[in-house]
Amino acid sequence: MHQHARIERWARGTGRLHRLHPAAKIVFVLVTLIAISSLRQHAVAACGSYLALILLLAAATGLPLAGLLKAAATVLPFAFSFALITWFAGQGERAMLLVTRSYVSAAAALLLVGTTPMPALIGGLETLRAPKFLLLVMQFLYRYLVVLFEEAGAIRDAGASRGGSLRSLQLRQAGAAAGVLFARAYQRANAIHQAMVARGFEGTIRSLSPPVFRWQDGLFMTLFCGVSVALRVAFQ
Amino acid sequence: MIVEVKDLRFKYDDGTEALRGIDFSMDRGETIAFFGANGSGKTTFALHLNGLLRGEGKIQVAGLAVNDGNLQKIRQKVGLVLQDSDNQLFMPTVLEDVAFGPLAAGVEVREGERRAKDALERTGMLHKSGKAPYHLSAGEKKRVAIAGILAGDPELLILDEPTTFLDPPGQRSLQTLLSALPQAKILITHDIPFAASLTNQAVFFHQGRIAAKGNLREIVERFDWQALTTS
Ligand SMILES: Nc1ncnc2c1ncn2[C@@H]1O[C@H](COP(=O)(O)OP(=O)(O)OP(=O)(O)O)[C@@H](O)[C@H]1O
Ligand SMILES: [Mg+2]
């Protein structure tokens, strides 16, 4: 299954974290990301503690821990290539810091998107008064991504049904297929946008069940932001 | 008059002249079938009726000129069921999707949900309310797309190929559903028995023009527009 589809399935769960107001989770993850990115010393130990915190929360809400660790590893190739450059520049410790920080940050972000479906996430950002433009961009990026995956699947199936396989594609053909893929995804996304407009879309999507910010959400937010900050201070 | 179009012309970006001077009008409550070859301009014309495409010429829908100031109002009055329902469904669940139109129009949440459920009931899709639209079968998607339009209670319904993917009972229930609706309807279809069960008025598109308008049977005869004849 596609990574993206798997995370979307996680997000539809009903665990403790899933039921929290998106804004509470966004604030917690943001605070944690800022704390992680400001780490200078004891980075590995600190990142280890943050990862433990994230895994604890993930377990409490029923996300598959192994799956989360694996999905977070998607950032490693990018992180490694930057780390390598840093390494060659003679900064071994910074390279190490870069990799661990990216990995734990990815895990934190996954905790958020793995417990909050995209429309709810956008709703949460709206509650936090994020600029409307940013929300629109996010909605469309998300739409394009979904469509891109769908179209990739459709093209793969069409190829397979004519006896080909992705592996047997020559590089040139693969390039052409990728071009078609983007053109198709673009056209689909446009058609979807057109359909949204046809049905009265003017920039905001209203949900049937807009979440209410309850005391539990406030408690979670205060408590765990506190933990993140405390960890950061402890590894000063 | 629900629709009045004068000398409508439209060219796609790649230069294709899809509409070459269309004159068309229909009354409130009337049902008209659109026939014509693939590529003759039927879908392009339909997209003009709620301002998704803007060509040269004059268009009035439900007493409003199609222009920037009126678009939002017009889109509430015209319910367009697209040829490809995959593009039409974009919310995470069926219920949210069907409620999209009413909510976008500013209806209060409980009322939006009530209208969505009512529309799903009428299309026989209420039991799929919680499902993700992209996991439905093609025929189910079509019904949900139609429910999404009905939930907005438009004055004009435009259905582009509504029967594709519907199984025979599905086609019959769509026929029953549509015939009970008082709104004006445009049925773009290659399915003549289906069209004939709902109206005796037809228009024939040919290369971006309306070649004929009148009695459905006569038009089918004149353009030899019967797919197959059963002996
Ligand atoms: N996005 C587009 N860009 C360029 N040309 C287009 C586009 N969409 C349609 N056309 C062209 O415009 C003409 C009219 O197309 P349209 O889709 O309106 O036909 P139609 O009567 O709905 O056909 P069908 O019965 O196959 O649905 C065709 O020649 C088609 O190739
Ligand atoms: Mg068409």
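Predicted model only: the values in this text are computed from it and were never measured.

**Q** Quick question: what am I supposed to make of the overall build of chain B here?
**A** Secondary structure assignment for chain B yields nine helices and 10 strands. Its C-alpha atoms give chain B a radius of gyration of 17 Å, within 12% of the compact-globule value 17 Å for 231 residues. Considered along the principal axes of its C-alpha atoms, chain B spans approximately 50 × 45 × 35 Å. Across the 231 residues in chain B, those meeting the buried criterion constitute 54%. In chain B, of all internal contacts separated by at least 6 residues, the share reaching a separation of at least 24 is 62%. Put simply, chain B has 27 plus and 29 minus side-chain charges, and the middle of one group is 2 Å from the middle of the other.

**Q** What is the right way to look at unusual backbone geometry in this model?
**A** The bulk of non-glycine residues show a negative phi, and the bulk of peptide bonds are trans. All names here are of chain B. One non-glycine residue, Asp7, lies in positive phi territory at about 45 degrees. Here Asp7 shows up in strand S1 (residues 3-11). We note that Asp224 has phi near 50 degrees; this positive angle belongs to a residue other than glycine. Among the secondary structure elements, Asp224 is positioned in the segment after helix H9 (216-222). Overall, the relative accessible area of 64% leaves Asp224 in the exposed class.

**Q** Any chance you could explain the pattern of salt bridges here in plain terms?
**A** Note on pairing: side chains with opposite charge can pair once their charged atoms come close. Residues and elements named next belong to chain B. All chains considered together, the criterion is met by 14 salt bridges over all chains. The salt bridge partner of Asp68 is Arg54, with a shortest N-O separation of 3.0 Å. Placement of the pair is Asp68 in the loop between strand S5 (64-65) and helix H2 (71-77) and Arg54 in the loop between helix H1 (42-49) and strand S4 (56-61), with a sequence separation of 14 residues. Residue Asp68 is classed as exposed on the basis of its relative accessible area, which comes to 62%. Several salt bridges converge on common partners, so that one network encompasses Arg28, Lys77 and Glu155.

**Q** Mind showing me how you'd approach the packing of helix H2 (residues 22-37) of chain A against helix H10 (residues 215-234) of chain A here?
**A** Any two packed helices are characterised by the angle at which their axes cross and by the distance between the axes. Residue and element names in this part refer to chain A. Packing of H2 against H10 leaves a shortest axis separation of 9 Å and a crossing angle of 5 degrees. In terms of axis orientation, H2 runs roughly parallel to H10. Touching Ala23, Ala24, Lys25, Val27, Phe28, Val31, Thr32 and Ala35 of H2 are Asp217, Phe220, Met221, Phe224, Cys225, Ser228, Val229 and Arg232, all from H10. The residue inventory of the contact of H2 with H10, partitioned by class, reads 11 nonpolar, two polar and three charged.

**Q** What am I meant to see in the packing of aromatic side chains here?
**A** Aromatic ring pairs are defined here through the distance separating the ring centres and the angle between the ring planes. Residues and elements named next belong to chain B. In this structure the tally under the stated criterion is 12 aromatic pairs over all chains. Judged by centre distance (5.8 Å) and plane angle (50 degrees), the rings of Phe45 and Phe205 are tilted. One end of the pair, Phe45, is in helix H1; the other, Phe205, is in strand S9 (residues 201-206), with 160 residues separating them in the sequence. Since its relative accessible area comes to 0%, Phe45 is described here as buried. Classification of Phe205 as buried rests on a relative accessible area of 0%. Ring plane angle 5 degrees and centroid distance 3.8 Å describe the contact between Phe204 and Phe223, whose orientation is recorded as stacked. In this pair, Phe204 sits in strand S9 while Phe223 sits in the segment after H9, placing the two residues 19 residues apart along the sequence.

**Q** How should the coordination of the magnesium ion (ligand 2) be read in this particular structure?
**A** Tetrahedral coordination by four donors puts the ideal angle at the metal at 109.5 degrees, and octahedral coordination by six puts it at 90 or 180 degrees. All names here are of chain B. Binding of the magnesium ion (ligand 2) to the protein goes through Thr43 (OG1) and Gln83 (OE1), at separations of 1.9 to 2.5 Å. Remark: Gln83 occurs in the loop between strand S6 (78-81) and helix H3 (85-88) and Thr43 occurs in helix H1; sequence separation between them is 40 residues. Taking the relative accessible area as the measure of exposure, Gln83 reaches 43% and is therefore partly exposed.

**Q** What exactly am I supposed to notice about the interface of chain A and chain B here?
**A** For interface size, the figure often reported is the accessible area lost on association. Contacts between the two partners involve 22 residues from chain A, matched on the other side by 33 residues from chain B. In total, chain A and chain B occlude about 2400 Å² of area from one another, counting both sides; carbon and sulfur atoms represent 57% of this. Put simply, chain A and chain B have one salt bridge between them. The salt bridge involving Arg199 of chain A is made with Asp97 of chain B; its shortest N-O contact spans 3.0 Å. The interface formed by chain A and chain B contains three residue pairs in polar contact (both at pLDDT 80 or more). Where the side of chain A that touches chain B is concerned, the elements lending two or more residues are helix H8 (132-161) and helix H9 (171-198) of chain A. Sorting elements by how many residues they give to the side of chain A that touches chain B places H9 of chain A first, with eight residues.

**Q** Looking at this structure, I do not really get the sheet that holds strand S8 (residues 184-188) of chain B. What am I missing?
**A** The strands that make up a sheet are held in pairs by hydrogen bonds between backbone atoms, and each pair lies either parallel or antiparallel. Residues and elements named next belong to chain B. The strand order across the open sheet formed by six strands is S6-S7-S8-S3-S9-S10, and the pairing between neighbours is mixed. If you trace the sheet from one side to the other, it starts and ends with S6 and strand S10 (209-215), each paired once. When the angles between neighbouring strand axes are averaged without regard to direction, this sheet yields 15 degrees. Across four bridges, the pairing between strand S3 (residues 31-36) and S8 is parallel. Of the residues in S8, the one forming a bridge with Phe34 is Ile188. H1 rests against S3, S6, strand S7 (156-160), S8 and S9 of the sheet, and its axis sits at about 140 degrees to S3. Across the face of the sheet, helix H6 (residues 138-150) comes into contact with S6 and S7 while running at roughly 175 degrees to S6.

**Q** Can you walk me through the pairing of S8 of chain B in this structure?
**A** Along any regular strand, the residues point their side chains to alternate faces of the sheet. Residues and elements named next belong to chain B. In terms of residue burial, S8 counts as a mostly covered element, since five of its five residues are buried. In terms of strand pairing, S7 meets S8 through five bridges, oriented parallel. For Ile158, the partnering residue across the bridge sits in S8 and is Ile186. Following the chain from S7 across helix H7 (residues 168-180) to the adjacent parallel S8, one finds a crossover that is right-handed.

**Q** Even after reading the chapter, I still don't get the site of ligand 1, so can you show me in this structure?
**A** Residues and elements named next belong to chain B. Close contacts around ligand 1 come from 14 residues, with Asn38, Gly39, Lys42, Thr43 and Thr44 the closest. A total of 640 Å² of accessible area belongs to ligand 1 in isolation, and the protein chains cover 67% of it. The leading source of residues in the shell around ligand 1 is H1, at three residues. Residue composition of the shell around ligand 1, by class: three nonpolar, nine polar and two charged.

Procedures and definitions
Residue numbers here run from 1 along each chain, matching the order of that chain's written sequence. All chains are assigned letters beginning at A, and all ligands numbers beginning at 1, according to the order in which they are written. Only residues with pLDDT of 70 or above have their local features reported here, since the model is predicted, and side-chain atom pairs are shown and tallied only from 80 upward, although totals for entire chains, interfaces and linings are computed over all residues. Calculated side-chain values reflect all of the structure's heavy atoms, with hydrogen atoms and water omitted. Each helix is a run of DSSP H or I of at least 4 residues and each strand a run of E of at least 2, with the numbering of both proceeding from the N terminus. Radius of gyration: over C-alpha atoms. The globule rule applied is 2.2 Å multiplied by the number of residues raised to the 0.38 power. Three labels apply to residues, based on accessible area from a 1.4 Å probe with only protein chains included: buried if under 20% of the type maximum, exposed if over 50%, partly exposed otherwise in between. Contacts are residue-level and defined by heavy atoms, with any inter-residue pair within 4.5 Å sufficient. Charged-residue counts in this description rest on Lys and Arg as positive and Asp and Glu as negative, His and the chain ends being excluded. Where a charge lies is defined by one atom per residue type, namely NZ (Lys), CZ (Arg), CG (Asp) and CD (Glu). We define a salt bridge as a side-chain nitrogen of Lys or Arg found within 4 Å of a carboxyl oxygen belonging to Asp or Glu. Each axis is a line fitted through C-alpha atoms, taken for helices only over the stretch in contact, and angles between the N-to-C directions span 0 to 180 degrees. These descriptions rest on fixed angle ranges, namely under 35 degrees for roughly parallel, over 145 for roughly antiparallel, 65 to 115 for roughly perpendicular, and the rest for oblique. Classification convention: Asp, Glu, Lys, Arg as charged; Ala, Val, Leu, Ile, Met, Phe, Trp, Tyr, Cys, Pro as nonpolar; all other residues, Gly among them, as polar. Geometry of aromatic contacts follows a simple scheme: Phe, Tyr and Trp rings, the Trp one being its six-membered ring, pair when their centres are within 6.5 Å, and the pair is stacked under 30 degrees between planes, edge-to-face over 60, tilted otherwise. Nitrogen, oxygen and sulfur within 2.8 Å of a metal are treated as its donors, or within 3.2 Å for sodium, potassium and calcium (Na, K, Ca); water is not counted, so a site can appear incomplete. Throughout, the accessible surface (probe 1.4 Å) given up by two parts as they are put together, summed over both, is called the buried area. N or O atoms closer than or at 3.5 Å make up a polar contact, with two conditions inside protein: a donor-capable atom paired with an acceptor-capable one, and, for residues adjacent in sequence, both atoms drawn from side chains. Strands are labelled as partners when DSSP assigns at least two bridges between them. A right-handed crossover is one whose linking path, passing over the helix from the first strand to the second, runs clockwise when the strands point away from the viewer. What makes a residue near a molecule or strand is one non-hydrogen atom of that residue sitting within 4 Å of it. To measure how exposed things are, a 1.4 Å probe is used in the Shrake-Rupley method; for residues, cover is taken only from the protein chains shown.

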